[in-house]
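Residue strings, one per chain:
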Amino acid sequence: MVIASPRGWTVAKKVFTLYPRRAVSAVLLNFSETWPYYTAFTLIPVFLSSLGVPSTIIPLYLVPVTALGAVGAFVIPYLADKVGRSRWPWYPTPLVVSLDY
């Protein structure tokens, strides 16, 4: 399945059309993990070097960040599925018509 096609982002459109709540929650959960992760990789070395920590020791401070990023790769998809399936209180309930008598 190709995401980028000459007609545009067909798969992304289909996902956001068929599963809007799940798609939005997946995007939000993804960015809520990646933004702090890359910010930490940028700011931790700058902060530690300004404190005078030797440059040979600074990568050791990034090991926990990397480990938590690896754990997040397993937690984020689970949360995306769990939150995407739950009923959000502000999301309108669809009208369901039952034909069973």
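Residues numbered from 1 in each chain as written. Predicted model: local features only at pLDDT ≥ 70, side-chain atom pairs only at ≥ 80, totals over all residues. Heavy atoms only, no water.

(A) Highlighting the overall build of the chain. If you tally the helices and strands in the chain, you get three helices and two strands. Mapped from its N terminus to its C terminus, the chain presents α and β elements in the order β-β-α-α-α. Across the 101 residues of the chain, 16% fall into the buried class. Long-range pairs, those at least 24 residues apart, make up 55% of the contacts in the chain between residues at least 6 apart in sequence. Roughly 8300 Å² of accessible area belongs to the chain as shown, and the carbon and sulfur atoms make up 73% of that amount. (Helix = DSSP H or I, 4+ residues; strand = E, 2+ residues; numbered from the N terminus. Buried < 20%, exposed > 50% of the residue type's maximum accessible area, 1.4 Å probe, protein only. Contact = heavy atoms within 4.5 Å. Areas by Shrake-Rupley, 256 points an atom, 1.4 Å probe, with all protein chains shown as cover.)

(B) Structural detail: the packing of helix α1 (residues 10–18) against helix α2 (residues 20–50). In contact at an axis separation of 5 Å, α1 and α2 are set at 115 degrees when each is read in the N-to-C sense. If you check the angle between α1 and α2, you find them roughly perpendicular. Along the contact surface, α1 presents Val15, Phe16, Thr17 and Leu18, while α2 presents Pro20, Ala23, Val24 and Val27. A breakdown of the residues in the contact of α1 with α2 according to their chemical character gives seven nonpolar, one polar and no charged. (Axes fitted to C-alpha atoms, helices over the stretch in contact; angles between N-to-C directions. Parallel < 35°, antiparallel > 145°, perpendicular 65-115°, else oblique. Nonpolar A, V, L, I, M, F, W, Y, C, P; charged D, E, K, R; others polar.)

(C) How the structure looks around the packing of aromatic side chains. Within this structure, the stated rule accounts for zero aromatic pairs. Lying across the ring of Tyr19, Arg22 places its NZ or CZ 5.8 Å from the centre. (Phe/Tyr/Trp six-rings, centres within 6.5 Å; stacked < 30°, edge-to-face > 60°. Lys NZ or Arg CZ within 6 Å of the ring centre and 35° of its normal.)

(D) α2, seen in detail. Its 31 residues place the ends of α2 45 Å apart at the C-alpha level, agreeing with the 45 Å of an ideal helix rising 1.5 Å per residue. The largest bend in α2 amounts to roughly 30 degrees and is located at Ala40. Among the residues of α2, those classed as buried are Arg21, Ala23, Ser25, Leu29, Ala40 and Leu48. With its phi angle positive at about 90 degrees, Gly52 sits one or two positions after the end of α2. (Expected span 1.5 Å × (residues − 1). Bend = angle between axes of the 7 residues up to and from the residue.)

Interpretation in functional terms is not warranted from these geometric data alone.
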